[in-house]
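A look at the structure
The residues making up each chain are set out below.
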Amino acid sequence: MNAQTSTRSIPTLSRETWLEQVRRHREAVPSPCLAMFSSITGGITCDPTLMQVPVDDHLVHRGDGVFETLKCATGGIYNLDAHLDRLSVSALGIGLQSQYSAATLKELIIATVRAAGQPTILIRVLLSRGPGSMGVNPHDCPSAETYIIVSTAATPFMEKQPGGAHLGFSQVPPKPFPFSALKHCNYLPNAMMAKESTDRGLDFIVGLTPDGNVLEGPTENVACVDPDGYLIAPESNQILAGTTLERVTVLAGDLVRNGSLQGIRQELISKEQLMAAQEVLISGTSHDLVAVTRIDNQPVGSGTPGSAYKALSQALRAEIYQPSPLRTDVHF
Ligand SMILES: Cc1ncc(COP(=O)(O)O)c(C=O)c1O
């Protein structure tokens, strides 16, 4: 078949046929998305066929935008203010002016979750540079756009594997500051880490600096309890400040007060220190708190989830899944 013949055989479709083809494709590849708000339409759709972003939005062809992932659990959106604060830091970091105030964004998020109609889901809020050109320059785009997507939530890791997780160290070079500290839509290094983790049969993976200090996972933070009983969170501008780890360190204050932990510190953690820790923890919105029980096939501590994990996970899950001041009720 020559090029001319093949070009002729590709039809230019009517709008109706195009949409029908998208609908059929969605039947073959079911969408995890339950509802979407788009500032382009000013409304919400629950039809995956219509959940689209304009192809000239710089979000699509340049990854130019910032985002947040939030969890709604048993009808309450967890830690909404912390996520919106981080979203606004990320937007500021790339010089992106959101169309909406935080109060309006909250209303839009709640309305989209309500439209999705399920009490336990994940929410993605994307602030994009918007459509305007196929070039790279943000100045081509007259206005930012907002997309809110509600999708099904995966079961948290420890509910599926209560024995704990196997962690490894990634070969993917870390993102440089300031990009490492912003939640922007250019997640190729994160995607490559997640791929590497699956390819190597690991449950989770964390990056390292060239001099061997521990950074973060593709969408998680890591922390540890050192042999002296201190909870150590990694100190680095080459990681995202996790909202979950922030809560874990606050909740750990109670364990310090009751003597179960000696204290809490934020400092560089070397690969060797992580491997010698009593306990290693992974935190993030999707999986809450995870106990790492093996690193590179070596047991961590006793090789079973430890007491700090158990106490912190219980406290964290109570404020995520049960009525708590950190939840915003959706009222379906
Ligand atoms: C790169 C990265 N690090 C850490 C985290 C964990 O952050 P959080 O606890 O706010 O989900 C995430 C999750 O969004 C992330 O993408």
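Computed from a predicted structure; not experimentally measured.

What counts as what
- Residues numbered from 1 in each chain as written.
- Predicted model: local features only at pLDDT ≥ 70, side-chain atom pairs only at ≥ 80, totals over all residues.
- Helix = DSSP H or I, 4+ residues; strand = E, 2+ residues; numbered from the N terminus.
- Buried ≥ 20, exposed ≤ 12 C-beta atoms within 10 Å, placed from the backbone.
- Pairing = 2+ DSSP bridges.
- Axes fitted to C-alpha atoms, helices over the stretch in contact; angles between N-to-C directions.
- Core = buried A, V, L, I, M, F, W, Y, C linked by C-beta atoms within 7 Å.
- Contact = placed C-beta atoms within 7 Å.
- Near = placed C-beta within 6 Å.
- Nonpolar A, V, L, I, M, F, W, Y, C, P; charged D, E, K, R; others polar.
- Domains from an automatic or database assignment.
- Expected span 1.5 Å × (residues − 1).

1. Considering unusual backbone geometry
Cis rather than trans, the peptide bond between Phe177 and Pro178 has omega equal to 5°. Here Pro178 lies in the loop between strand S7 (165–169) and helix H7 (188–199). The backbone of Asn79 shows a phi angle near 55°, a positive value even though the residue is not glycine. You can see Asn79 is positioned in the loop between strand S4 (76–78) and helix H4 (80–93). In this model, Asp288 sits at a positive phi of 60°, which is unusual for a non-glycine residue. Tracing the backbone shows Asp288 in strand S13 (residues 288–295). Judged by the 24 C-beta atoms lying within 10 Å of it, Asp288 is buried.

2. A look at the sheet that holds strand S1 (residues 33–38)
With antiparallel pairing, the seven strands of this open sheet are ordered in space as S2-S1-S6-S5-S3-S4-S15. Looking at strand neighbours, the two that pair on one side only are strand S2 (43–45) and strand S15 (327–329), the edges of this open sheet. Recorded for the sheet is a direction-independent mean angle of 25° between the axes of neighbouring strands.

3. Let's talk about the nonpolar core
Membership of the largest hydrophobic core comes to 40 residues, with the highest contact counts inside it found for Leu167, Ala223, Cys224, Val280, Leu281, Val290 and Val292. It is S13 that contributes the most residues to this core, five residues altogether. Beyond its immediate stretch of four places on either side in the chain, Val292 contacts Gly164, Ala165, Leu167, Phe204, Val280, Leu281, Ile282 and Val300. In this structure, Met51, Leu87, Ile121 and Ala144 belong to the second largest nonpolar core, which totals 36 residues.

4. Observations concerning the site of the ligand
In the vicinity of the ligand, 14 residues are found, and the nearest of them are Leu240, Gly242, Thr243, Thr244 and Thr285. When residues of the shell around the ligand are traced back to their parent elements, those giving at least two are helix H8 (243–257) and strand S12 (279–284). The biggest single contributor to the shell around the ligand is H8, with three residues. Here the residues of the shell around the ligand are counted per class, giving two nonpolar, 10 polar and two charged.

5. Topic: the domain arrangement of the chain
Its domain assignment divides the chain into domain 1 (15–152) and domain 2 (157–321). With centres defined by C-alpha atoms, the gap from domain 1 to domain 2 works out at 28 Å. Between domain 1 and domain 2, the residue contacts involve 21 residues of the former and 13 residues of the latter. Elements with a contribution of two residues or more to the side of domain 1 that touches domain 2: strand S3 (65–73), H4 and strand S5 (121–128). Considering each element in turn, the side of domain 1 that touches domain 2 owes the most residues, eight residues, to S3.

6. Comments concerning the environment of Leu108
Relative to the helices and strands, Leu108 resides in helix H5 (residues 102–116). By C-beta crowding, Leu108 is classed as partly exposed, having 17 other C-beta atoms within 10 Å. Through-space distance from the C-alpha of Leu108 to that of Ala233 is 34 Å; in sequence the pair is 125 residues apart. Once you skip the residues sitting within four places of it in the chain, Leu108 turns out to touch Phe37, Tyr100 and Ile148.

7. Looking at the environment of Tyr187
Along the chain, Tyr187 turns up in the loop between S7 and H7. Separated by 12 residues in sequence, Tyr187 and Lys175 have C-alpha atoms that sit 9.6 Å apart.

8. Points about H7
Look at H7: 16 Å from first C-alpha to last across 12 residues, which is about the 16 Å you get at 1.5 Å a residue. Backbone geometry just after H7 places Gly201 at a positive phi near 70°.

9. Side note on the pairing of strand S9 (residues 221–225)
Counting buried residues along S9, five of its five residues qualify, which places the element largely inside the surrounding structure. Burial along S9 is two-sided: Asn221, Ala223 and Val225 facing one way and Val222 and Cys224 facing the other are all buried. Strand direction decides the pairing type here: S9 and S12, joined by five bridges, are antiparallel. Bridge pairing in S12 places Ala223 opposite Leu281. Pairing of S9 with strand S10 (residues 230–234) involves two bridges; the strand directions are antiparallel. By the bridge assignment, Val225 is partnered in S10 with Leu231.

10. A short note on the pairing of S13
Along S13, seven of the eight residues are buried, which leaves the element largely enclosed by surrounding structure. One ladder, built from three bridges, connects S7 with S13; its direction is parallel. Across the sheet, residue His166 finds its bridge partner in S13, namely Arg294. Strand direction decides the pairing type here: S12 and S13, joined by five bridges, are antiparallel. Among the inter-strand pairings, Val280 is bridged to a residue of S13, identified as Val292. Counted between consecutive antiparallel strands, the loop separating S12 from S13 contains three residues. Summarising the sheet, S13 and strand S14 (residues 298–299) pair through two bridges and their orientation is antiparallel. The partner of Arg294 across the bridge, within S14, is Pro299. Hairpin remark: S13 followed by S14, antiparallel, with two residues in the connecting loop; positive phi at Asp296, about 45°.

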